[in-house]
Amino acid sequence: MQVAPKPEKTIPVVTPEIREKAKKKLQQARSNLVLSQPFYSWLIMSIDSEADEKTRKTWVDGLKLGYNPGYIASLSIDEIQGLMAEDVLTCALSHQTRRNGRDKKNWNKASDEVVRNLIKESGMTLPCESEYNPSWAGKSIEEVYTLLPVPPPGKGPGSGPGGGGQKPGSGDGDDEDGEGDGQVPPDNGNGSSEVRDAPGPQSERAEQQAEWEVRIQQAAAIAKGQGKLPAGIERLLPELLKPRVNWKAELHRFIRAIAKADYTWRLPNLRYIAQGLY
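How each quantity is defined
Residues numbered from 1 in each chain as written. Predicted model: local features only at pLDDT ≥ 70, side-chain atom pairs only at ≥ 80, totals over all residues. Heavy atoms only, no water. Core = buried A, V, L, I, M, F, W, Y, C linked by side-chain atoms within 4.5 Å. Buried < 20%, exposed > 50% of the residue type's maximum accessible area, 1.4 Å probe, protein only. Helix = DSSP H or I, 4+ residues; strand = E, 2+ residues; numbered from the N terminus. Contact = heavy atoms within 4.5 Å. Axes fitted to C-alpha atoms, helices over the stretch in contact; angles between N-to-C directions. Parallel < 35°, antiparallel > 145°, perpendicular 65-115°, else oblique. Left-handed = near helix turned anticlockwise from the far one by under 90°. Pairing = 2+ DSSP bridges. Expected span 1.5 Å × (residues − 1). Polar contact = N/O pair within 3.5 Å; in protein donor to acceptor, adjacent residues only side chain to side chain. pLDDT = per-residue confidence, 0-100. Salt bridge = Lys/Arg side-chain N within 4 Å of Asp/Glu carboxyl O.

Participant: Just give me the short version of the nonpolar core, but keep the residues and values in it.
Facilitator: Among the nonpolar cores identified, the biggest contains 47 residues, and Phe39, Tyr40, Ile72, Leu89, Ile119 and Ile233 are the most heavily contacted of them. Of the residues forming this core, the biggest block, eight residues, is contributed by helix α4 (residues 77–92). Look past the residues within four positions of isoleucine 72 in its chain and what remains in contact with it is Ala22, Lys25, Leu26, Thr58, Tyr67, Ile80 and Leu83.

Here it is, written out as structure tokens:
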């Protein structure tokens, strides 16, 4: 059954006081996570945070976590902890590198469903407006994506080819954000957090994905050593860390190893025929 969201809290206009309040709340939330959720706190230390008044709530791209100070200031410390865990787990699961041209809005929705179920199973509090379907718990983001209604052709943000390459902190050309004049940007329908494609070429995105796989192993080891590894994450680890083998590359290597390649169409050198080289 779908967990319906509660009405959103009013996001205050960003002022210097609001910026300072948001910064202190983020610091407090990070400190609390170190004691209560070592798995998520270790992952959070791997990503930089930056205030971004042009976003409505938060966004991640694998390198940075952007947040609207007004939105953070409107949340409780417990809600911020859940939100930060949601954002960083999105990166750890490499949702920012796996879209491959899929519709951006539905990809964000699928990411929300996957990650929020894991966060709730960890016993954490999500922002009141967070919506998720418990019946989709345990599914991958690709599985959830196929269960969502197909958007009309040419509709929805990020539809059509894509997959990354924008600068960190930039959108996909579909933002309806404000111009930094202190006004709260309109809701873009991406839930609490926006998953932005990892920046850079494919090689850099693959490298980023590999780095997050190492981090999630380290975080799991630390949390398990303290007896605080969430059950949902523990069930997910074998699948996450399963070696990914490119069968085409392996087949090519195997065939090259056994195939004869010691022949040529060139005429033999008569001077070496007596030596038995041909």
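Back to the write-up after that little detour.
Participant: Account for the environment of alanine 29, with residues named and values stated.
Facilitator: With respect to the helices, strands and loops of the structure, alanine 29 is situated in helix α1 (residues 16–36). The spacing of alanine 29 and isoleucine 80 is 51 residues in sequence and 6.3 Å in space, taken between C-alpha atoms. The residues touching alanine 29, leaving out its near neighbours within four places in the chain, are Ile77, Ile80, Gln81 and Met84.

Participant: Can you lay out the packing of α4 against helix α5 (residues 104–121) for me, pointing to particular residues and giving the numbers?
Facilitator: At a closest axis distance of 9 Å, the pairing of α4 and α5 adopts a crossing angle of 125°. Here α5 runs oblique to α4, going by the angle between their axes. Judged by the twist between their axes, the crossing of α4 over α5 is right-handed. For the pair α4 and α5, the contacting residues are Gly82, Ala85, Glu86, Leu89 and Thr90 in the first and Ser111, Asp112, Val115, Arg116, Leu118 and Ile119 in the second.

Participant: Tell me about the pairing of strand β3 (residues 64–67), residues and numbers included.
Facilitator: Across four bridges, the pairing between strand β1 (residues 48–51) and β3 is parallel. The residue bridging glutamate 50 from the neighbouring strand is glycine 66, located in β3. Here strand β2 (residues 58–60) pairs with β3 via three bridges, running antiparallel. Paired with valine 60 across the strands is leucine 65, a residue of β3.

Participant: Tell me what's going on with unusual backbone geometry, and back it up with residues and numbers.
Facilitator: Although it is not a glycine, serine 94 adopts a positive phi angle of roughly 60°. Checked against the element boundaries, serine 94 lands in the loop between α4 and α5. Despite not being glycine, asparagine 100 has its phi angle at roughly 50°, a positive value. By relative accessible area, which is 58% here, asparagine 100 ends up exposed.

Participant: Account for α5, with residues named and values stated.
Facilitator: Along its 18 residues, α5 runs 26 Å from first to last C-alpha, staying within 8% of the 26 Å computed at 1.5 Å per residue. Buried residues dominate α5, accounting for 14 of its 18 residues. The opening residue of α5, the one whose side-chain oxygen lies 3.3 Å from the backbone nitrogen of lysine 105, is aspartate 103. Once α5 ends, the next one or two residues include glycine 123, with phi positive near 80°.

Participant: Got a sec to walk through the side chain of arginine 205? Specific residues and values, please.
Facilitator: Locating arginine 205 in the fold gives a position in helix α7 (residues 202–225). A polar atom in the side chain of arginine 205 sits 2.6 Å from the backbone oxygen of glycine 200.

Participant: Give a detailed account of the confidence of the model for the protein chain, specifying residues and quantitative values.
Facilitator: The share of residues in the protein chain with pLDDT of 70 or more is 76%, and the mean pLDDT across the chain is 81. Between the elements of the protein chain, mean pLDDT differs from a low of 71, seen in helix α9 (residues 247–258), to a high of 96, seen in β3. Between residues 159–181, whose pLDDT stays under 50, and residues either more than four places distant or in other chains, the model counts 54 contacts.

Participant: Explain the pattern of salt bridges to me, and be specific about the residues and the numbers.
Facilitator: A pair can form between side chains of opposite charge whenever their charged atoms are brought close. Summed over the entire model, instances satisfying the criterion amount to twelve salt bridges. Across the salt bridge formed by glutamate 142 and arginine 98, the nearest N and O atoms sit 2.6 Å from each other. Of this pair, glutamate 142 sits in helix α6 (residues 141–147) while arginine 98 sits in the loop between α4 and α5; the two residues are 44 residues apart in sequence, bridging distant segments of the chain. Across the pair lysine 104 and glutamate 194 runs a salt bridge, and its minimum N-O distance is 3.6 Å. Taken as a pair, lysine 104 in helix α5 and glutamate 194 in strand β4 (residues 193–195) lie far apart in primary sequence, 90 residues in all. With respect to class, lysine 104 is no different from glutamate 194; both count as buried. One continuous salt-bridge network, built from bridges that share partners, spans Glu86, Asp112 and Arg116.

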